[in-house]
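Structure assessment
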Amino acid sequence: MSKALKLPIVELPENIDKLRDEVRSFIAEERSKGTFEPQCDSWLGGFSAEFSRKLGERGWIGMTWPKKYGGHERSSLERFVVTEELLAAGAPVAAHWIADRQSGTLLLRYGTEEQRNFYLPKIAKGESYFVIGLSEPNSGSDLASLSSMATKADGGWVLNGSKLWTSGAHHSHYMIALVRTAPLNPENRHQGLSQFVVDLAAPGVTVRPIRLMTGEHHFNEVIFEDVFIPDGSLVGKVGDGWKQGMAELAYERSGPERFLSTLPLLTELLNTIQLDPDRHTKIEVGKLVARLWTLRKMSLGVAGLLEKGVTPSLMAALVKDLGTQFEKQLAETARLLVSSNPSVTSSSAFERRLAEAILHSPGFTLRGGTTEILRGIIAKEVVAK
Amino acid sequence: MSEIREMLVESATKIMKDFCTKELINEAESGVWAEDLWNIVEESGLTTIAVPEEAGGTGGSYGDALSLLRIAGKYSAPIPLAETLLANWLLAEVGLPISSKPLTLSPVDNNVVTFNETEGGWGVSGIVKQVPWASLVEGIVVVGKFKDQYMIAKIDPNNCLISQGSNLAGEPRNNIEIQNQFVPSNGVAFGTDGLVSRFAHLGILVKSVLMAGALERVLELTTAYTKERSQFGRPIHRFQAIQHHLASLSGETAAAKVVTDYGIEAIDINQFETEAMIAKIRVGEAASISVPIAHQVLGAIGFTDEHILQHSTRRLWAWRDENGTEVEWAEKFGEQVINAGPEALWPSVTGINKNPISSH
Ligand SMILES: Cc1cc2nc3c(=O)[nH]c(=O)nc-3n(C[C@H](O)[C@H](O)[C@H](O)COP(=O)(O)OP(=O)(O)OC[C@H]3O[C@@H](n4cnc5c(N)ncnc54)[C@H](O)[C@@H]3O)c2cc1C
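So, a few notes on the structure that sits alongside this text. Keep in mind it's a predicted model, so treat the numbers as computed, not measured.

Moving on: the layout of surface pockets. Estimated volume of the second largest pocket: approximately 900 Å³. If you trace the second largest pocket, you find 24 residues lining it, with Lys-6 of chain A together with Met-1, Val-9, Arg-70 and Lys-257 of chain B closest to the centre. Mapped onto the lining of the second largest pocket, the elements with two or more residues apiece are helix H1 (3–19), helix H4 (62–74), helix H6 (193–228) and helix H7 (240–268) of chain B. Take the lining of the second largest pocket: its biggest share by element is 6 residues, from H1 of chain B. Taken together, the residues of the lining of the second largest pocket break down into 9 nonpolar, 2 polar and 13 charged.

Spelled out as structure tokens, the structure:
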């Protein structure tokens, strides 16, 4: 089989069990205190500054970063374990999620010493939140067509344009924005793009809410009108934005949040069907858990490769494709196994989880690159190998 | 993978690639014994892998053997290698003599073979359905019962009534009638529930590994074809609909690979029953998704006996139903998950060996 389709067997080292137990006890304690109720898609919808701060205190944000930047120099497998435990519990991790997963990691890799010293410790404390500034009104899948533009000025840049679907911008501090620093070259559209840290509180930045169909507020449009960005906010090199942004995507695509978004529903499902399950129910549960187990091992394999410094873009895309299908399938299976009236205001936990899972399901296979785009990437790489 | 295993896989790949030609597989399907292939496999010691050297085997681990079988599955090797290995493993476990010659193991969880004590030994009787390769092997290892006690013996196919029959891939699957065949006392051993259950799970893991191998082949053949075949002036892999097919096929094949990799890993530490079930369920699903895709992508040529795709796809169709379908195993596994309850779910998924879902 093509080498690119192989994943290593990842044995989690023994000491990871201890860490896992610590996370579990923490979650159990928070649950018993009533700090949170498990929720589907909690990494998008579960915002809690308080909870993020507690995770920061325990050293569970910025885990892999150097200590001198407030990190904890732990392995990416340790980070994997902490994140999967939090997601499986449906814990409210949305506030710091993006900063921890990709923005901080990006700054560590391409940022200046000054940027690292300034941003990373705050992120690791769970006090500084970032958003992803990629999509625009006219640029979704075709990201390279984006048109927000930063023009060179004295001591910095002046930014105009807008970003769309910006999750969490209404309660976050910074955006890493991919914008043009040179006019679009139709011959090579990946040229002339750069990344900046944009302070969302800067003059000229407007955050306009866009409500989900549920009425929830997660998304925003972020509009830039002559926003001044100091020179020190450039991330990496001028013109290298595309390459840097693609590296960021490997982190964004491969994690356990790509198959665990609806796990709290599976737990409630088991709770509901425990007495007297029929044959069909057993079969469907058996299949779901077999899929879950396999996906987790695949995701762990990708984490294992990232740990070794490999960027497994093909496998990350593949696991995201399979994982997000699973997240949706889980909701559909649960719905067909138990007749219920899903509602976010229901008095039954199962009906609440099912409602969250159904209402959030369209997003699973869109965010972070649509299924269609991912499959194109997978096929091209498989054919090329 | 250990160095020894890598070498084993490498040499097995070479043998299978060289010998398992289209002609050989087609001939085998018409009933001709693949003599040369068997001989080289036997001479290389591959028919007694994972039987300790003290017991007359080649040594090595079950994991080595399963890695070898994935290659055999990939190349549609038309010989009873999996069956011989399973038979030898059972013989070795119960202390009966093994053999490097072609053997088979009749379904272990049957209720149809009986052992009766006679002068100096035992009389074995029963009608067993769907015994793989029974018409072409030199010994059939059967599991039966004397009262409530499991009994194991190797019987002689020449003294059985064997009906002709085959599965969807043309591999022999025979109904056999054992007519009070005498086996001397020293050729019979006792078995336990645990042993029989373990071999039932070993059986599904072996099937899953063979299937994962066949899926690898299906992906390779399909990918290659999309590069060779042009329509509308370009290779068909340029069409987005075909790219989606390739992506799904890649995902299913990768999942089958991962799930059987972990099955192999688990067997090395001898706690593999849950992994075996998961593998059988997931690989069965992968087969049912992948085979229609492959045939769609290859168009009419893939539907002919000319093209070798059918060697793998017909095996996948056959194997997915043997040793129980994925749905039968999903039912068992699902029942265990449900019985263990919601609190056990996530801990089991993150550490199946440490916190077994079931207490079987
Ligand atoms: C919950 C959620 C959170 C998000 N958060 C953020 C965020 O924080 N920051 C951010 O920048 N973006 C965010 N996004 C945006 C996300 O990245 C885009 O939705 C995604 O890239 C698709 O773009 P689009 O919605 O404009 O769809 P389009 O690109 O317009 O696609 C529409 C349809 O056409 C298909 N399509 C497009 N091009 C092709 C092609 N070449 N081949 C085949 N099919 C094609 C797509 O697959 C899709 O089915 C978020 C999205 C969601 C759903």
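From this point, the narrative continues.
Turning our attention to the pattern of salt bridges. Within the structure shown, the criterion is met by 47 salt bridges over all chains. Residues Glu-285 of chain B and Arg-291 of chain A are paired through a salt bridge, measuring 2.7 Å at the closest nitrogen-oxygen approach. Placement of the pair is Glu-285 of chain B in helix H8 (residues 273–298) and Arg-291 of chain A in helix H9 (residues 279–307), with the two residues belonging to separate chains. Since its relative accessible area comes to 11%, Glu-285 of chain B is described here as buried. The closest approach of N and O atoms between Arg-70 of chain B and Asp-261 of chain B, which form a salt bridge, is 2.8 Å. One end of the pair, Arg-70 of chain B, is in helix H4; the other, Asp-261 of chain B, is in helix H7, with 191 residues separating them in the sequence. Three or more residues are tied together by salt bridges with common partners; here these are Glu-30, Lys-33, Glu-50, Arg-53, Lys-54 and Glu-57 of chain A.

Its 14 residues give helix H12 (residues 371–384) of chain A an end-to-end C-alpha distance of 20 Å, which sits within 8% of 20 Å, the value for a rise of 1.5 Å per residue. Along H12 of chain A, the residues that are buried comprise Thr-371, Leu-374, Arg-375, Gly-376, Ile-378, Ala-379, Glu-381, Val-382 and Val-383 of chain A. If you follow the buried residues of H12 of chain A, they end up packed against helix H7 (241–254) and helix H10 (313–337) of chain A together with H6 and H7 of chain B.

So, about the packing of H1 of chain B against H4 of chain B. Residue and element names in this part refer to chain B. In contact at an axis separation of 9 Å, H1 and H4 are set at 25° when each is read in the N-to-C sense. In terms of orientation, H1 lies roughly parallel with respect to H4. Crossing handedness for the pair H1 and H4: right-handed. Across the interface between the two elements, Arg-5, Leu-8, Val-9, Ala-12, Thr-13 and Met-16 of H1 pack against Gly-63, Asp-64, Ser-67, Leu-68, Ile-71 and Ala-72 of H4. Its residues assigned to classes, the contact of H1 with H4 shows 7 nonpolar, 3 polar and 2 charged.

Attention now moves to the site of the ligand. Around the ligand, 17 residues are found, and the nearest of them are Ser-135, Ser-141, Trp-165 and Thr-370 of chain A together with Gln-240 of chain B. Between Ile-132 of chain A and the ligand, the recorded distance is 2.8 Å, taken from a backbone N or O atom to a nitrogen atom. Protein chains bury 67% of the 970 Å² of accessible surface belonging to the ligand in isolation. Split into classes, the residues belonging to the shell around the ligand amount to 7 nonpolar, 8 polar and 2 charged.

A separate point is a nonpolar patch on the surface. All names here are of chain A. Among the surface-exposed residues, Met-213, Val-344 and Leu-359 lie close enough to one another that they form a single nonpolar patch of about 300 Å² accessible area. With respect to the element layout, Met-213 can be found in the loop between strand S6 (205–211) and strand S7 (217–230). A residue is classified by how much of its surface remains accessible, and Met-213, at 65% relative accessible area, is exposed.

Take the packing of aromatic side chains next. Residues and elements named next belong to chain B. Evaluation of the coordinates by the stated rule reveals 17 aromatic pairs over all chains. Consider the rings of Trp-33 and Trp-133, whose centres lie 6.5 Å apart with planes at 80°: the pair is edge-to-face. One end of the pair, Trp-33, is in the loop between helix H2 (22–29) and helix H3 (35–43); the other, Trp-133, is in the loop between strand S3 (121–132) and strand S4 (139–146), and 100 residues separate them in sequence. A centroid spacing of 5.1 Å and a plane angle of 75° characterise the contact between Trp-122 and Phe-146, whose relative ring orientation is edge-to-face. Taken together, the residues span a long stretch of sequence, with Trp-122 in strand S3 and Phe-146 in strand S4 at a distance of 24 residues.

All right, on to the side chain of Lys-297 of chain A then. For Lys-297 of chain A, the position within the fold is in helix H9. Glu-275 of chain B is the oppositely charged side chain nearest to the buried, salt-bridge-free Lys-297 of chain A, at an N-O distance of 6.4 Å. Residues contacting Lys-297 of chain A, with those up to four places away along its chain left out, are Val-258 and Tyr-262 of chain B.

Rules behind the numbers
- Residues numbered from 1 in each chain as written.
- Chains lettered and ligands numbered in written order.
- Predicted model: local features only at pLDDT ≥ 70, side-chain atom pairs only at ≥ 80, totals over all residues.
- Heavy atoms only, no water.
- 1 Å grid on protein atoms, 1.4 Å probe; cavity = no way out; pocket = protein on both sides within 12 Å on 5 of 7 lines; lining within 4 Å.
- Points joined across faces, edges and corners; volume = space filled by probe spheres on them.
- Helix = DSSP H or I, 4+ residues; strand = E, 2+ residues; numbered from the N terminus.
- Nonpolar A, V, L, I, M, F, W, Y, C, P; charged D, E, K, R; others polar.
- Salt bridge = Lys/Arg side-chain N within 4 Å of Asp/Glu carboxyl O.
- Buried < 20%, exposed > 50% of the residue type's maximum accessible area, 1.4 Å probe, protein only.
- Expected span 1.5 Å × (residues − 1).
- Contact = heavy atoms within 4.5 Å.
- Axes fitted to C-alpha atoms, helices over the stretch in contact; angles between N-to-C directions.
- Parallel < 35°, antiparallel > 145°, perpendicular 65-115°, else oblique.
- Left-handed = near helix turned anticlockwise from the far one by under 90°.
- Near = heavy atom within 4 Å.
- Polar contact = N/O pair within 3.5 Å; in protein donor to acceptor, adjacent residues only side chain to side chain.
- Areas by Shrake-Rupley, 256 points an atom, 1.4 Å probe, with all protein chains shown as cover.
- Patch = residues over 30% accessible without salt bridge, like charges linked within 9 Å, V, L, I, M, F, W, Y side chains within 5 Å.
- Phe/Tyr/Trp six-rings, centres within 6.5 Å; stacked < 30°, edge-to-face > 60°.
- Lys, Arg positive; Asp, Glu negative; His and termini not counted.

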